[in-house]
Amino acid sequence: MVEVLFFVAGIGAIAGAIGVIAVRNPFFSVLALVSHLLCLAALFLLLHAEFVAAAQVVVYAGAVMVLYVFVVAYVGGQDEPLGPGAGSGLRPVSMVFGALLFIELCAATLGSGLKLVDTNGAHIDPGFGSAAQIGQLLLTRFLLPFEAASFLLLIAAVGAVVLARRRGGLTAAEDQARYTAMDLLRPAYTGTMAEGVGGTRRLPPVSERAAATAPAEAPAVPVQDD
Amino acid sequence: MDIGWYLAVSALIFTIGAAGVLTRRSPLVILLCLELMLNAANLALIAFSRMHGNADGQIFAIIVMVVAACEVTIGLGIIVAMHRRRLPIDVDELRELQG
């Protein structure tokens, strides 16, 4: 039973991994990675790592992959040409490199002379890998890595906000959404205080507004950086 | 199942991820391949943890997952910033990091 589950999950994980690098559309790459992660969680369960498997499904296949899907949808997952193109001479090199790396990793892990590699593993207690044991370890022996990881997450969150924030002015098309109701109701060029200091965005008069349908056209007043 | 089988699967997944990093040109897919490599390392860590009957390796795997999540956040933030600046989403054309 364990053997059947292992081969199903292992073949699924490898097929998902191949799908990630072989599919042309990034969106389908993300979906292949989700299936790969689910199969990997099954392998974790076979290794009695229940908490890690649950975290893998919830955090990785759930939250992180949703982030990926959103970014792929935002960037617009254009199909990447997989055929010959710039730098296609690297493909045979990468194949050879991958084969050598696989041989080296197998030699390093399987030929390491560890006595327990060819067994089912050492004897384990019934509560091995449960949430209780992981929680106890995280809060006693590994308290410092736990706190450092939380700081790392905080720094990454702040860094992502800083990286992806809006810099400089808006484009004309985005600027259209920033007009308030007052800009529409007020007669044009009535001279408000904000207009006097030149810092406001004024709607052009109705006649110009009807003419200016192209979104690429510059707004009436130069947009100030905010 | 022998622990060696898990290690072989882990080595194969790591190899596929490394080949993907070398072959693909979209930074989004390169990030996905990095995820593959980190997950292969996680599988090896958990296999060794089972081998020794010691749960420390699982803690290590959880920390690796945290680091992977941070890397994804920053990488996707950079890709969104590139998209905002109308830069091509292609690592072959992004040879310079300045500006």
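Computed from a predicted structure; not experimentally measured.

Participant: Break down the overall build of chain B for me, with residues and values.
Facilitator: From N to C terminus, chain B includes three helices and zero strands. Mapped from its N terminus to its C terminus, chain B presents α and β elements in the order α-α-α. Whereas a compact globule of 99 residues would reach a radius of gyration of roughly 13 Å, chain B reaches 17 Å, over 25% beyond that. Along the first, second and third principal axes, the C-alpha set of chain B runs to 50 × 25 × 15 Å. In chain B, buried positions account for 55% of the 99 residues. Within chain B, contacts between residues separated by at least 24 positions form 48% of all contacts whose residues are at least 6 apart in sequence.

Participant: An account of the interface of chain A and chain B is requested, with residue identities and associated values reported.
Facilitator: On the chain B side, the residues contacting the 72 residues of chain A number 61 residues. For the side of chain A that touches chain B, the secondary structure elements donating two or more residues are helix 1 (2–22), helix 2 (26–46), helix 3 (50–75), helix 4 (90–110), helix 5 (131–139) and helix 6 (143–164) of chain A. Top element by residues in the side of chain A that touches chain B is helix 4 of chain A. It accounts for 12 residues. When grouped by side-chain class, the residues that make up the side of chain A that touches chain B number 54 nonpolar, 14 polar and four charged.

Participant: A description of the nonpolar core should follow, citing residues and the corresponding values.
Facilitator: One finds B:Ile13, B:Leu43 and B:Ala47 to be the most contacted residues of the largest nonpolar core, which totals 66 residues. Taken together, the elements giving at least two residues each to this core come down to helix 1, helix 2 and helix 3 of chain A together with helix 1 (3–23), helix 2 (27–52) and helix 3 (56–84) of chain B. By residue number, the principal contributor to this core is helix 2 of chain B, which donates 15 residues.

Participant: Explain the environment of A:Glu50 to me, and be specific about the residues and the numbers.
Facilitator: Residue and element names in this part refer to chain A. Tracing the chain through its elements places glutamate 50 in helix 3. Looking at glutamate 50, the number of C-beta atoms within 10 Å reads 18, which means it is partly exposed. Look past the residues within four positions of glutamate 50 in its chain and what remains in contact with it is Leu45, Gly129 and Ser130.

Participant: I'd like a rundown of unusual backbone geometry, residues and numbers included.
Facilitator: Residues and elements named next belong to chain A. Positive phi, close to 60 degrees, is recorded for histidine 48, a residue that is not glycine. Looking at the secondary structure, you find histidine 48 in the loop between helix 2 and helix 3. Taking the C-beta count within 10 Å as the criterion, histidine 48 has 22 such neighbours and is therefore assigned buried.

Participant: Tell me about the packing of helix 3 of chain A against helix 3 of chain B, residues and numbers included.
Facilitator: Relative orientation of the contacting elements helix 3 of chain A and helix 3 of chain B amounts to 5 degrees, with a least axis distance of 11 Å. What the angle tells us is that helix 3 of chain A and helix 3 of chain B run roughly parallel. Contacts between helix 3 of chain A and helix 3 of chain B involve A:Val52, A:Ala55, A:Val59, A:Tyr60, A:Val64, A:Leu67, A:Val71, A:Tyr74 and A:Val75 from the former and B:Gln58, B:Ala61, B:Ile62, B:Met65, B:Ala69, B:Val72, B:Leu76, B:Ile79, B:Val80 and B:His83 from the latter. Looking at the contact of helix 3 of chain A with helix 3 of chain B residue by residue, the class counts come to 17 nonpolar, two polar and no charged.

Participant: Tell me about helix 1 of chain A, and name the residues and values.
Facilitator: Within an α-helix, residues lying three or four positions from one another point in the same direction, as the helix has 3.6 residues per turn. Here helix 1 of chain A contains 21 residues, and its C-alpha end-to-end distance of 30 Å stays within 8% of the 30 Å for a straight helix at 1.5 Å per residue. Listing the buried residues of helix 1 of chain A in full gives A:Ala9, A:Gly10, A:Ala13, A:Gly16, A:Ala17, A:Val20 and A:Ile21. Axial view of helix 1 of chain A: buried residues confined to an arc of 130 degrees, hence all on one face. In helix 1 of chain A, those exposed residues whose orientation departs by more than 90 degrees from the buried face are A:Glu3, A:Val4, A:Val8 and A:Ile11. Those residues of helix 1 of chain A that are buried lie in contact with helix 2 of chain A together with helix 1 and helix 2 of chain B.

Participant: Explain the packing of helix 6 of chain A against helix 3 of chain B to me, using residue names and the numbers behind them.
Facilitator: Orientation of helix 6 of chain A relative to helix 3 of chain B, taken along the N-to-C sense of each, is 10 degrees, at an axis distance of 8 Å. Comparing the axis directions of helix 6 of chain A and helix 3 of chain B gives the class roughly parallel. Contacts between helix 6 of chain A and helix 3 of chain B pair A:Pro145, A:Ala149, A:Leu152, A:Leu153, A:Ala156, A:Ala157, A:Gly159, A:Ala160, A:Leu163 and A:Ala164 from the former with B:Ile63, B:Val66, B:Val67, B:Ala69, B:Cys70, B:Thr73, B:Ile74, B:Gly77, B:Ile78, B:Val80 and B:Ala81 from the latter. Grouping the constituent residues of the contact of helix 6 of chain A with helix 3 of chain B by class yields 18 nonpolar, three polar and no charged.

Participant: Explain helix 3 of chain B to me, and be specific about the residues and the numbers.
Facilitator: Between its first and last C-alpha, helix 3 of chain B extends 43 Å over 29 residues, near the 42 Å set by a 1.5 Å rise per residue. A positive backbone phi angle near 60 degrees is found at B:Arg86, which sits one or two residues after helix 3 of chain B.

Participant: How would you sum up the environment of A:Ala55? Please name residues and give values.
Facilitator: Summarising the element assignment, A:Ala55 is placed in helix 3. The exposure class of A:Ala55 is buried, given the 21 C-beta atoms found within 10 Å. Linking A:Ala55 and A:Ile103, residues 48 residues apart in sequence, is a C-alpha distance of 31 Å. Residues within four places of A:Ala55 in sequence aside, it is in contact with B:Ile62 and B:Met65.

Rules used throughout
Residues numbered from 1 in each chain as written. Chains lettered and ligands numbered in written order. Predicted model: local features only at pLDDT ≥ 70, side-chain atom pairs only at ≥ 80, totals over all residues. Helix = DSSP H or I, 4+ residues; strand = E, 2+ residues; numbered from the N terminus. Rg over C-alpha atoms; globule rule 2.2 N^0.38 Å. Buried ≥ 20, exposed ≤ 12 C-beta atoms within 10 Å, placed from the backbone. Contact = placed C-beta atoms within 7 Å. Nonpolar A, V, L, I, M, F, W, Y, C, P; charged D, E, K, R; others polar. Core = buried A, V, L, I, M, F, W, Y, C linked by C-beta atoms within 7 Å. Axes fitted to C-alpha atoms, helices over the stretch in contact; angles between N-to-C directions. Parallel < 35°, antiparallel > 145°, perpendicular 65-115°, else oblique. Expected span 1.5 Å × (residues − 1). Arc of directions from axis to C-beta.

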